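Report on the structure
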Amino acid sequence: MEANSKQAQSFLNATGVSMTDMALLLGGLVVVSIMLWSAWVTLSYYEQWASKKNDVTFYDVLTSAVRAAVLISLTLYIVS
């Protein structure tokens, strides 16, 4: 839903930031959060696989990395 010029001007006066800049900031925060989470999950799987402490296989590590890549791609597509 697009805001009309009166709503956009009211938002700008109230916050000091335009709606597009705020949307870009929020989208960027979402993307960065998902990237950090994906890296954490993939590295955790890798550390478990490398230490041989759990029954994590290399397939689990690859699956986690592919899942993270797909999630980041979808998020970037939706946010942009």
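One structure accompanies this document, and this report is about it. Everything numeric here is computed off the predicted structure, so don't read it as measured data.

**Some remarks on unusual backbone geometry**
For Lys 52, which is not glycine, the phi dihedral falls at a positive 60 degrees. Following the sequence through the fold, Lys 52 ends up in the loop between helix 2 (19–51) and helix 3 (58–79).

**Observations concerning the packing of helix 2 against helix 3**
In the contact formed by helix 2 and helix 3, the axes pass within 9 Å of each other and the chain directions differ by 175 degrees. In terms of orientation, helix 2 and helix 3 fall into the roughly antiparallel class. Listed contacts from helix 3 to Gly 27, Val 30, Val 31, Ile 34, Met 35, Trp 37, Ser 38, Val 41, Thr 42, Tyr 45, Tyr 46 and Trp 49 of helix 2 are Phe 58, Asp 60, Val 61, Ser 64, Ala 65, Ala 68, Leu 71, Ile 72, Thr 75, Leu 76 and Val 79. Class assignment of the residues belonging to the contact of helix 2 with helix 3 gives a composition of 17 nonpolar, five polar and one charged.

**Description of the environment of Val 61**
With respect to the helices and strands, the residue Val 61 is situated in helix 3. Val 61 sits in the buried class, given a relative accessible area of 7%. Once residues lying within four places of it in the same chain are set aside, the contact partners of Val 61 are Tyr 45, Tyr 46, Trp 49 and Val 56.

**What about helix 2?**
Taking 1.5 Å per residue as the helical rise, helix 2 with its 33 residues ought to reach 48 Å, and the 48 Å between its terminal C-alpha atoms agrees with that figure. Within helix 2, the full set of buried residues consists of Gly 27, Val 31, Ser 38, Val 41 and Thr 42. If you follow the buried residues of helix 2, they end up packed against helix 3. Trailing helix 2 by a residue or two, Lys 52 shows a phi angle of about 60 degrees, which is positive.

**Some thoughts on a nonpolar patch on the surface**
A surface patch of nonpolar side chains, amounting to about 570 Å² of accessible area, comprises Val 66, Val 70, Leu 74, Tyr 77 and Ile 78. In this structure, Val 70 sits in helix 3.

**A short note on the side chain of Ser 64**
Along the chain, Ser 64 falls in helix 3. The exposure class of Ser 64 is buried, given its relative accessible area of 4%. Among the polar contacts listed, one links the side chain of Ser 64 to the side chain of Thr 42, at a separation of 3.3 Å.

Thresholds applied
Residues numbered from 1 in each chain as written. Predicted model: local features only at pLDDT ≥ 70, side-chain atom pairs only at ≥ 80, totals over all residues. Heavy atoms only, no water. Helix = DSSP H or I, 4+ residues; strand = E, 2+ residues; numbered from the N terminus. Axes fitted to C-alpha atoms, helices over the stretch in contact; angles between N-to-C directions. Parallel < 35°, antiparallel > 145°, perpendicular 65-115°, else oblique. Contact = heavy atoms within 4.5 Å. Nonpolar A, V, L, I, M, F, W, Y, C, P; charged D, E, K, R; others polar. Buried < 20%, exposed > 50% of the residue type's maximum accessible area, 1.4 Å probe, protein only. Expected span 1.5 Å × (residues − 1). Patch = residues over 30% accessible without salt bridge, like charges linked within 9 Å, V, L, I, M, F, W, Y side chains within 5 Å. Areas by Shrake-Rupley, 256 points an atom, 1.4 Å probe, with all protein chains shown as cover. Salt bridge = Lys/Arg side-chain N within 4 Å of Asp/Glu carboxyl O. Polar contact = N/O pair within 3.5 Å; in protein donor to acceptor, adjacent residues only side chain to side chain.

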